[in-house]
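# Notes for the structure review
Read off the chains here:
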Amino acid sequence: MDFRNSTSLDSEQLRRLVLRFTAPFRHDKLTVRVRYSRGADFSGTCYYRDARIFVNLGRHNRYPYAMGTHLAKARSNATHWWRETHLITVADAYQLALFVYLHELFHYLVKAAGRNPRRKEAMCDRFAAGALIDAFGCPVRDAMGRPVARESWDFQDLRRFVAAAPRHEALAGESLREIPVTIHGIHMPAAAATTSTDRPKRPQ
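Every value quoted in this text rests on a predicted model; they were computed, and no experiment measured them.

## Some words on the pattern of salt bridges
Tallied over the full model, the rule gives nine salt bridges. E12 is the partner of R15 in a salt bridge, and the nearest nitrogen-oxygen pair spans 2.7 Å. Of this pair, R15 and E12 both sit in helix α1 (residues 11-22), three residues apart, roughly one helical turn. Here D142 and R146 are joined by a salt bridge, their closest N and O atoms 2.7 Å apart. The class for D142 is buried, based on a relative accessible area of 12%. On the accessibility criterion, R146 (51% relative accessible area) is exposed. Through salt bridges that share partners, E12, R15 and R16 make up one connected network.

Put into structure tokens, the structure is as follows:
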């Protein structure tokens, strides 16, 4: 992996985290850049063709940090659909960077596995959240601050979904178009639901 960090975080600690959670998937062609954002609390981008992942962190963030996610199941009626906002609290900037990285990595793995990469934001959030909960015990709550049962959102076998992605073997006949996939921080108003995948800067 071509890894570079330009933030004040310890580069070796961050690199070890990234490698630990990338396994067992192939990473020798991945380029990962961790840097400060231009103002957003956090954002990330994945470029499939070049196997590049960018992780952007806000300098102003304060931790612990409660971030809005798309973990909840989407609901719909005859006229529209909606998704409740679930909040996952990360303890520090390392965990936030890891969440963003894993979200983008799952986008990359979906494409590498030959799956349609569109409309996968919720799956990417679930992949990242599951790893942070298993490793660090990060709590998940609804917008009213109530704990959310894991079985209400962790209902997909995500590793099986990307099982065809390369694991240590060379990619044969790789042909991936450059389609950037970007995430931004979810705006958290007093009300508690969102139907958008846009994540603008969280107000202080």
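## Quick word on the side chain of S37
If you trace the backbone, S37 turns up in the loop between β2 (31-36) and β3 (42-47). By relative accessible area, which is 15% here, S37 ends up buried. A polar side-chain atom of S37 sits 3.3 Å from the main-chain amide nitrogen of G39.

## Some thoughts on α1
Taking 1.5 Å per residue as the helical rise, α1 with its 12 residues ought to reach 16 Å, and the 16 Å between its terminal C-alpha atoms agrees with that figure. Of the surrounding secondary structure, the elements contacted by the buried residues of α1 are β1 (2-5), β2, α2 (93-112), α3 (121-136) and α4 (158-161). Two to three positions downstream of the cap, the backbone nitrogen of E12 sits 3.3 Å from a side-chain oxygen, assigning the N-cap of α1 to D10.

## Examining the pairing of strand β4 (residues 52-57)
Across the six residues that make up β4, a large majority, five, are buried. Bridge analysis of β2 against β4 gives six bridges, and the strand direction is parallel. Bridge pairing links R35 to N56 in β4. Here β3 pairs with β4 via six bridges, running antiparallel. Its bridge partner lying in β4, T45 is registered against F54. Counting the residues in the hairpin turn of β3 and β4 gives four residues, including A51, whose phi is positive at 55 degrees.

## Description of α2
With 20 residues, α2 extends 28 Å from end C-alpha to end C-alpha; this agrees with the ideal 28 Å at 1.5 Å per step. In terms of burial, α2 is a largely internal element, 20 of the 20 residues being buried. One side-chain oxygen at the N-terminal end of α2 lies 3.1 Å from the backbone nitrogen of Y94; it belongs to D92. In the segment just after α2, G114 is the residue with positive phi, at about 85 degrees.

## Topic: the side chain of H103
In this structure, H103 sits in helix α2. Judged by its relative accessible area of 0%, H103 is buried.

## What about the sheet that holds strand β5 (residues 65-69)?
Reading across the sheet, the three strands line up as β5-β8-β9 and stay open at both edges, with antiparallel pairing between neighbours. Lying at the two open borders of the sheet, with one neighbouring strand each, are β5 and β9 (140-142). Ignoring strand direction, the axes of neighbouring strands in this sheet form an average angle of 35 degrees. Across five bridges, β5 lies against strand β8 (residues 86-90) in antiparallel orientation. When the bridges of β8 are listed, G68 appears paired with L87.

## Side note on the nonpolar core
A general tendency of soluble globular proteins is for nonpolar side chains to be buried together. Core analysis: the largest hydrophobic core is formed by 54 residues, its most contacted members being I88, Y101, L102, L105 and F106. The leading source of residues in this core is α2, at 15 residues. In contact with F106, not counting residues within four places along its chain, are M123, C124, F127, L158, F161 and V162.

Scoring rules and cut-offs
- Residues numbered from 1 in each chain as written.
- Predicted model: local features only at pLDDT ≥ 70, side-chain atom pairs only at ≥ 80, totals over all residues.
- Heavy atoms only, no water.
- Salt bridge = Lys/Arg side-chain N within 4 Å of Asp/Glu carboxyl O.
- Helix = DSSP H or I, 4+ residues; strand = E, 2+ residues; numbered from the N terminus.
- Buried < 20%, exposed > 50% of the residue type's maximum accessible area, 1.4 Å probe, protein only.
- Polar contact = N/O pair within 3.5 Å; in protein donor to acceptor, adjacent residues only side chain to side chain.
- Expected span 1.5 Å × (residues − 1).
- Contact = heavy atoms within 4.5 Å.
- Pairing = 2+ DSSP bridges.
- Axes fitted to C-alpha atoms, helices over the stretch in contact; angles between N-to-C directions.
- Core = buried A, V, L, I, M, F, W, Y, C linked by side-chain atoms within 4.5 Å.

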